[in-house]
Amino acid sequence: MNDNEHAEHVGAGSGGDPIGVYTRLPLSYQALYLSDQTAFHDYAFVVLEDNEAAESAVHTAMTRVQDNWNELLVESNMQQQVWAIMRQTVEEYRQDAEDRAAIAHSLSTYRQGLGRLNSEQGVFEALAGLPPQQFDAVVLRYILGIKPQRIGWYMGLSEQTVNYHCRQGKQRIEQAVPTLLKKDSDAITGAGSETDTKD
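Calculation rules
Residues numbered from 1 in each chain as written. Predicted model: local features only at pLDDT ≥ 70, side-chain atom pairs only at ≥ 80, totals over all residues. Heavy atoms only, no water. Core = buried A, V, L, I, M, F, W, Y, C linked by side-chain atoms within 4.5 Å. Buried < 20%, exposed > 50% of the residue type's maximum accessible area, 1.4 Å probe, protein only. Helix = DSSP H or I, 4+ residues; strand = E, 2+ residues; numbered from the N terminus. Contact = heavy atoms within 4.5 Å. Polar contact = N/O pair within 3.5 Å; in protein donor to acceptor, adjacent residues only side chain to side chain. Expected span 1.5 Å × (residues − 1). Arc of directions from axis to C-beta.

Visitor: It is not clear to me how the nonpolar core should be interpreted in this structure. Could you clarify?
Guide: Where a protein is soluble and globular, its nonpolar side chains tend to be buried together. Ranked by internal contacts, the top residues of the largest apolar core, which has 21 residues, are Leu-107, Leu-127, Phe-135 and Leu-140. Sorting the residues of this core by element identifies helix H4 (78-115), helix H5 (123-128), helix H6 (132-143), helix H7 (148-155) and helix H8 (159-176) as the ones contributing at least two each. Take this core: its biggest share by element is 6 residues, from H6. Each residue touching Leu-140, except ones within four places of it in the same chain, is listed here: Ile-103, Leu-107, Gly-145, Ile-146, Ile-151 and Tyr-154.

Below, the structure written as structure tokens:
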């Protein structure tokens, strides 16, 4: 066995691979990970304040390190480069968490605001009465003007599923408010037909 190939699954008989990857990995990569994993996790946890997010960030960062391993081996200060990858990845996770929190807060505030409004046609009530995923998709798409791909990132859904929830939500609103014409529906949902043509 050499540094380029680890022929056996490490610890197969004693609880599995400590790196959590069931593939052949360079021994030098494994050594770096095992020696620094506690520091990596501690750093990620301090920044993200969540154990699951920290573990996910470290896994993502180390996957990036693995993908660039051959290039990192010839760096004059490989450890510095590895930490740069770790810091960048953790920062991305931190920003994502902030973005998700801001979106969740906006949705919650908007739903609460709808409860205080009355419309003659019942549109606000119909919107507030949508199932959670349809409500989120409709508000994010048509009120806040966020593109389906970004909504999918937030909701953890595919872009096609986001579009499905948007269609279903609009149909429910139209069914709940029979007097609502299609142009009125588009006006209530932030000129949805115009937004759709942009994507």
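Having put the structure on the table, let's press on.
Visitor: Mind showing me how you'd approach the side chain of His-165 here?
Guide: Summarising the element assignment, His-165 is placed in helix H8. A polar atom in the side chain of His-165 sits 3.2 Å from the side chain of Gln-133.

Visitor: I would appreciate a short explanation of H8 in the present structure.
Guide: Compared with the 26 Å implied by 1.5 Å per residue over 18 residues, the 26 Å span of H8 between its first and last C-alpha is a close match. Of all the residues in H8, the buried ones are Val-162, His-165, Cys-166, Gly-169, Lys-170 and Ile-173. One side of H8 holds all its buried residues, which, seen down the axis, span an arc of 130 degrees. Turned more than 90 degrees off the buried face of H8, the exposed positions are Gln-160 and Gln-175.

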